[in-house]
Structures are given as structure tokens and as C-alpha cells.
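Next come the chains, spelled out residue by residue.
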Amino acid sequence: MIFSKTLLRRRSVLPGFDLSLGLTLFYLCLIVLIPLSAAFLRTMDLTWPQFVEAVASPRVVASYKLTFGSSLLAAIVNGVFGLLVAWVLVRYDFAGRRIVDALVDLPFALPTAVAGITLTGLYAANGWIGQYLEPLGVKVAFTPVGVFVAMTFIGLPFVVRTVQPILEDLASELEEAAATLGASRWQTFAQVIFPTLMPALLTGFALAFARALGEYGSIIFIAGNMPMVSEITPLLIITKLEQYDYAGATAIAVVMLVMSFLMLLAINGLQAWARARQGK
């Protein structure tokens, strides 16, 4: 009853705040907190020197750089082009619009292994696209570039589907008022539309980044999986599990978890700043 009296001052559609809060916390602990805590507890089997050796070896550090760097770059690219795709789908009516709208969700529907095999077939040296890039000296498949391509492919729908509803609900009167006051098209976009879209765009960026960071199936086929070159961290974790090095695998997973949480926390801070600025 304490939560009901202090946190819920008005009537709610929920049958009971205390019961609902309890079930929510129980479900959250069961699905998220307990598995994550198990990873931390399993890592405690290692001494500090063993932990440092497991998470800071040259091979592991190289996988960190590739995984986080490619995920960040892919999320940035998806943020730019995801906004462009959402803008075209919402603001323009053209032949085949419904087909393009459905194709955006294709990375959601495809099994990750199928996506990886398809991308490899397209960008290999004898693939439909790779055969034209290879003479130019551009190698995609079995290189870090292939990792970036796969991460970009699976992350685009998150940005589009996050920004698209905000664009659809954006009142056209705001743009008309800006035009009436003499604002150019670029000024209207930069000072009226973009600040409204910024929180949703940051959310889509965070989702695309998180998905790319943990992606496995669509990357291992196109990456080549060469240590120190194109080996991602999730593959390294799987490799250690296959070698029955459970403590080493969980140690790397804990580092990934902490770094991911810090980056998502920073993104949430940017979202709060964008919303506060939007409310001014």
C-alpha cells in the first residue's frame, strides 16, 4: 500500500498498482537481471590477473575495436539514411511505395543466417555486386567492410520504424507557419522538424547500435572470421564456449555488457537533453 499512496495519486486502469509493480519487477528480474547477474557471478571464478588476461589479450582487444567501431559506424549511417528513407515514405506518394515500405522490414523477417549467406553471395569476388567492386580494388566479403555491411543491413529498420510514426504525426501547420515567417526549406527542417525528430532518431540509433553489437548469424558468413582482422567479439565468446572456457567467455561478455550499458546510458542522456530542448 505504500507505493499506492505515494506514487499513484489518481485512479488507474490497472487493477492494482502494488500487484502490477510486483509482477513487473519479478518478470524483469527473471528475464534480465538474473541472467546478467549469473554472468557476473561466473566471472568471479577468475582472479584479477586471469580476468585481465582474458579480456585484454591482443586478439580480444582487436575484436572489441572491430565490433564497437563497426557497430557505431553502421548506426551512424543508418541514422542518416534511415531518416531519409522514413522521410520519403511519409512525405511522398509514388508507385511501389507499399513495396518499398515492406522491404524495410525484410531484415526483421529474414533469418540471420540467410541474410549472411545472401550478403556473402552478393559481395563475394564472383558475386553480383562483388564482381564489379573487385577490379576496383574494393573487397567487401571476408573483410571488416563486410562486417560493416552486415551490421548496416540488420540495423536500418530500427531507425526507419522509430522515426516514421513521428513524421506521420508531425503537424504540417508548423512548417506552414515557418514558411509564412520567411524561413527557407533548410531552416524549416533544421529548426522546426529536426528538433522534433531528434529524440526518436536517437532511439533508433541506440536500437540499431545495440542490434549490431550483438549480431552474430548474419556476420560470421561474410566476415571471414580471421583473428586480429575480421573476428567479432560474439564469435570470440562462442569460440571460448566451444573450448569449455566458460569463465573466459563470461568475462568477455561482462566487458561487452558494461561498455554497452555505458554507451546506452550516454545515448539516453542525449535523448533527455533533446526532449528538454524540444520543450523550450
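Whatever comes next refers back to the structure up there.
Residues numbered from 1 in each chain as written. Predicted model: local features only at pLDDT ≥ 70, side-chain atom pairs only at ≥ 80, totals over all residues. Heavy atoms only, no water.

Focus: the pattern of salt bridges
- Counted under the stated rule, the structure contains six salt bridges.
- Across the salt bridge formed by D105 and R161, the nearest N and O atoms sit 2.9 Å from each other. A residue pair is termed long-range when its members are at least 10 positions apart, and D105 in the loop between α5 (97-104) and α6 (106-109) and R161 in helix α9 (residues 144-169) qualify at 56 residues.
- When its relative accessible area of 24% is taken as the criterion, R161 is described as partly exposed.
- K240 is the partner of D245 in a salt bridge, and the nearest nitrogen-oxygen pair spans 3.7 Å. (Salt bridge = Lys/Arg side-chain N within 4 Å of Asp/Glu carboxyl O. Helix = DSSP H or I, 4+ residues; strand = E, 2+ residues; numbered from the N terminus. Buried < 20%, exposed > 50% of the residue type's maximum accessible area, 1.4 Å probe, protein only.)

Some points on the nonpolar core
- Among the nonpolar cores identified, the biggest contains 35 residues, and V55, Y64 and V163 are the most heavily contacted of them.
- Counting only elements with at least two residues in this core, the list comes to α3 (48-55), α4 (58-91), α9, α11 (185-214), α13 (233-242) and α14 (246-279).
- A total of nine residues in this core trace back to one element, the largest contributor, which is α11.
- Beyond its immediate chain neighbours, meaning those up to four positions away, Y64 contacts V55, G69, T233, I252, V255 and M256. (Core = buried A, V, L, I, M, F, W, Y, C linked by side-chain atoms within 4.5 Å. Contact = heavy atoms within 4.5 Å.)

Some thoughts on the layout of surface pockets
- The calculated volume of the largest pocket comes to roughly 260 Å³.
- The wall of the largest pocket is formed by W87, R91, Y92, E175, A179, A183, S184, R185, T188, F189 and I193.
- Considering every element that reaches the lining of the largest pocket, the biggest residue donor is α11, with four residues.
- Residue composition of the lining of the largest pocket, by class: six nonpolar, two polar and three charged.
- Here the second largest pocket is characterised by a volume of approximately 180 Å³.
- Among the elements of the structure, α5, α6 and α9 are those that each provide at least two residues to the lining of the second largest pocket.
- Among the elements that make up the lining of the second largest pocket, the one with the highest residue count is α9 (three residues).
- Residues that form the lining of the second largest pocket fall into these classes: six nonpolar, one polar and no charged. (1 Å grid on protein atoms, 1.4 Å probe; cavity = no way out; pocket = protein on both sides within 12 Å on 5 of 7 lines; lining within 4 Å. Points joined across faces, edges and corners; volume = space filled by probe spheres on them. Nonpolar A, V, L, I, M, F, W, Y, C, P; charged D, E, K, R; others polar.)

Observations regarding a nonpolar patch on the surface
- Taken together, the side chains of L25, F26, Y27, L28, L30, I31, V32, L33, I34 and L36 present a nonpolar region at the surface, about 940 Å² in accessible area.
- Tracing the backbone through its elements, the reader meets V32 in helix α2 (residues 17-43).
- Among the residues examined, V32 registers a relative accessible area of 34% and is labelled partly exposed. (Patch = residues over 30% accessible without salt bridge, like charges linked within 9 Å, V, L, I, M, F, W, Y side chains within 5 Å. Areas by Shrake-Rupley, 256 points an atom, 1.4 Å probe, with all protein chains shown as cover.)

Thoughts on the environment of D169
- Here D169 lies in helix α9.
- On the accessibility criterion, D169 (65% relative accessible area) is exposed.
- Linking D169 and M198, residues 29 residues apart in sequence, is a C-alpha distance of 14 Å.

Things to note about the packing of aromatic side chains
- Within the structure shown, the criterion is met by six aromatic pairs.
- Note on W48 and F51: the rings are 5.6 Å apart at their centroids and 25° apart in plane angle, and the pair reads as stacked. In this pair, W48 and F51 are both assigned in helix α3, three residues apart and thus about one turn of the helix distant.
- Looking at F51, the relative accessible area reads 17%, which means it is buried.
- Note on Y244 and Y246: the rings are 6.2 Å apart at their centroids and 80° apart in plane angle, and the pair reads as edge-to-face.
- Here the aromatic cluster, defined as three or more aromatic residues joined through ring pairs, consists of W87, W186, F189 and F194.
- The ring of W87 has R91 lying over it, and the distance from NZ or CZ to the ring centre is 4.6 Å. (Phe/Tyr/Trp six-rings, centres within 6.5 Å; stacked < 30°, edge-to-face > 60°. Lys NZ or Arg CZ within 6 Å of the ring centre and 35° of its normal.)

Quick look at the packing of α4 against α13
- Running from N to C, α4 and α13 point in directions that differ by 145°, and their axes come no closer than 8 Å. Contact residues: α4 offers R59, V60, S63, Y64 and T67, while α13 offers T233, P234 and L236.
- A per-class count over the contact of α4 with α13 returns four nonpolar, three polar and one charged. (Axes fitted to C-alpha atoms, helices over the stretch in contact; angles between N-to-C directions.)

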